[in-house]
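Per-entry structural report
What follows is each chain in one-letter form.
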Amino acid sequence: MIRKNLPRWLSLLGIMIFGILTVVSFFSTRRMYTGSESVYREWDNVLIKMLYLGVILAICGLLIRAQKLLTLKRVHIAAIVISVLATIICIILTNGAKSIPDADQWYVYVAAEGLFYKDYTNLQNYIYYMVYPFLLCLSELYAVIARIAGTMSYEVLRYAQAAFVGISVYFSYRIARELFRHVAAEFLCLLFTLLFVPMWLYSQFLYGETFGVCMCLISIYFFLLGNRPARGKTGREILYWSIAVIAFGITYIVRPALLVVFVAMAIIQICLCIKNKIIFRLFPLGLMLIAGIFGQKLMSVQIGRAVGVNVDNGMPVISLLIAMGMQDNDPNNTGAGSYNGYNYNLFAETGYDQAEAQKLALQDIKRSLYRWYRNPVSMMEHNTEKILNQWTEPAYDAFTLTCKMEEPDKWVDNLYYNGLHNFVYSLLDCFQSLCYFMLTFWFLHLYKEERTAAEKTDPRDYLIGLILIGEVFFSILWEAKSRYIFPYMVIVIPCVAGSFVHFYNWLTGKSAAWMRGR
């Protein structure tokens, strides 16, 4: 019963969630102005937005109509060229922006610099690394990149992240090909990913965003290959799964919050195992979990011992961030459940006592739950605002987190502040609404296929939608930051491109039927 109806339930849930987000994002935006993390609700100019969307849809429609010119070979060549172009754009931005890391990314860079030069003074003196020991893993990976390059600098790491952006564009295209087998969908995916400006901006952010997204896309792609309906040679499948396991291990080490992707993979894999009656194929999932969670722990312990940092008493991140996400206190106008210093202050007040901090955080969680039990309306208001502040902010905090620059070129300054900035922000707002609409349509398509098709849909078709559904629920629990949504908006682009092709075919079919009726 559950196995039979689960796809329909997922489709209906996706239709509900992203249908609501489509409507809300079409009429309003949660705006973050460059240099500030304060969130403001702004009503969109519907006519202007409809004009932008009309132009985008027309261009995409023309590309689909021209698909006879798009052979598999030509699109693959285009994928390589566009991936290189994306890397070049990010390198040009690096040279033009001259960004300066601050706050958390500054600590990550300082640690990477210390690990590169084997000078551990700062790592031993700053309590930050004892509080957040898992970030030493990211710093070590940055140090590895610097060792390969032979030098350590901001630019070297950003050039590497520019390469990660290019690789992400390529593997986004490969995912679209694997899921949809349609050249128009593949080409649209390339264009959407290339023109997704937050990808460029986060190449300047030394906190693992582009690194994590790149590894995550690689893991998703080889997960899909490992679960192809028509199985290939066993040796090839082992290779696919090995790459998927390694890539996800790095993904988790760099960005632990991307564990949501693993949960979605696990659900899909369980469905495939039940469908095909091959239980042993759950084994690679266990390896993924080991590579991620235990790999991070082992790596942080080894680094801690090498540099003389105690990594055993770090902040209990899960309980403290969930507790902070339930706080009503919003002193900086950054929105419900956003960072307000609760987690660090509580940990410091307990003398960095892990057990005591976790105990107090759990007590605060219980108080918040009791408060919401007594006043469910406030719970709905809190979590609604929390979701909308994250999911309807179209730049995903990219401008604010990368705006610290030293004598940027004029075009970069315009991108962040002036007329060009407003134009790009408006396009991102339209693209966000388009993504949610196309995701809603994709779930509608899957629901219809489950009800009417003689052959049921491939469980793999649900993977990207399920990842996004999982992140919606995760964003309710976690600290509220639109930055955390950024990786998932990159992951969803192949699905948006494929759904657009289905939508175009449906629309032209309906138009043709209407014309025949006349």
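First, a word on scope: everything that follows refers to the structure included in this document. Keep in mind that what you see is a predicted model, and the values were worked out from it rather than measured. (Residues numbered from 1 in each chain as written. Predicted model: local features only at pLDDT ≥ 70, side-chain atom pairs only at ≥ 80, totals over all residues. Heavy atoms only, no water.)

Description of the overall build of the protein chain
- What the protein chain contains, in helices and strands, is 24 helices and 2 strands.
- Taken over C-alpha atoms, the radius of gyration comes to 23 Å for the protein chain, in line with the 24 Å a tight globule of 518 residues would show.
- Residues classed as buried in the protein chain amount to 57% of the 518 residues present.
- For the protein chain, restricting intrachain contacts to residue pairs at least 6 apart in sequence, the fraction spanning at least 24 positions comes to 79%.
- In the form shown here, the protein chain has an accessible surface area of approximately 22800 Å², with 64% of it arising from carbon and sulfur atoms.
- Across the protein chain, the 45 positively charged side chains and the 36 negatively charged ones have centroids separated by 14 Å. (Helix = DSSP H or I, 4+ residues; strand = E, 2+ residues; numbered from the N terminus. Rg over C-alpha atoms; globule rule 2.2 N^0.38 Å. Buried < 20%, exposed > 50% of the residue type's maximum accessible area, 1.4 Å probe, protein only. Contact = heavy atoms within 4.5 Å. Areas by Shrake-Rupley, 256 points an atom, 1.4 Å probe, with all protein chains shown as cover. Lys, Arg positive; Asp, Glu negative; His and termini not counted. Charge placed at Lys NZ, Arg CZ, Asp CG, Glu CD.)

A few points about the pattern of salt bridges
- Applying the stated criterion across every chain, the model contains 14 salt bridges.
- With a closest N to O distance of 3.2 Å, K49 and D429 form a salt bridge. One end of the pair, K49, is in helix α2 (residues 46-65); the other, D429, is in helix α21 (residues 419-452), and 380 residues separate them in sequence. The exposure classification of K49 matches that of D429, with both residues buried.
- Sharing partners across several salt bridges, the network here consists of E178, R181, R228 and R460. (Salt bridge = Lys/Arg side-chain N within 4 Å of Asp/Glu carboxyl O.)

Concerning the nonpolar core
- Residues F18, F196, I220 and M288 are the most contacted members of the largest nonpolar core, which totals 176 residues.
- Here this core gets 14 residues from one element, more than from any other, and that element is α21.
- Apart from residues lying up to four places away in sequence, M288 is in contact with S219, F223, W241, A244, V245, F248, F262 and M265. (Core = buried A, V, L, I, M, F, W, Y, C linked by side-chain atoms within 4.5 Å.)

Description of the environment of M130
- As for its placement among the helices and strands, M130 is situated in helix α6 (residues 128-131).
- Remark: the alpha-carbon pair of M130 and V311, spanning 181 residues in sequence, is separated by 5.7 Å.
- With sequence-adjacent residues up to four places away left out, M130 is seen in contact with V309, N310, N313, G314 and Y352.

Focus on the packing of helix α3 (residues 72-97) against helix α8 (residues 154-180)
- At a minimum axis distance of 8 Å, the contact between α3 and α8 shows a crossing angle of 155°. Regarding the angle of α3 to α8, the classification is roughly antiparallel. α3 and α8 meet at a crossing whose hand is right-handed.
- Considered class by class, the residues forming the contact of α3 with α8 number 15 nonpolar, 6 polar and 4 charged. (Axes fitted to C-alpha atoms, helices over the stretch in contact; angles between N-to-C directions. Parallel < 35°, antiparallel > 145°, perpendicular 65-115°, else oblique. Left-handed = near helix turned anticlockwise from the far one by under 90°. Nonpolar A, V, L, I, M, F, W, Y, C, P; charged D, E, K, R; others polar.)

Re a nonpolar patch on the surface
- A contiguous nonpolar patch, built from I80, V84, L85, I88, I92 and W411 and spanning about 510 Å² of accessible area, is present on the exposed surface.
- Among the elements that take part in the nonpolar patch, α3 stands out by supplying 5 residues, more than any other.
- Its place among the elements puts I92 in helix α3.
- Given the relative accessible area of 46%, I92 is considered partly exposed. (Patch = residues over 30% accessible without salt bridge, like charges linked within 9 Å, V, L, I, M, F, W, Y side chains within 5 Å.)

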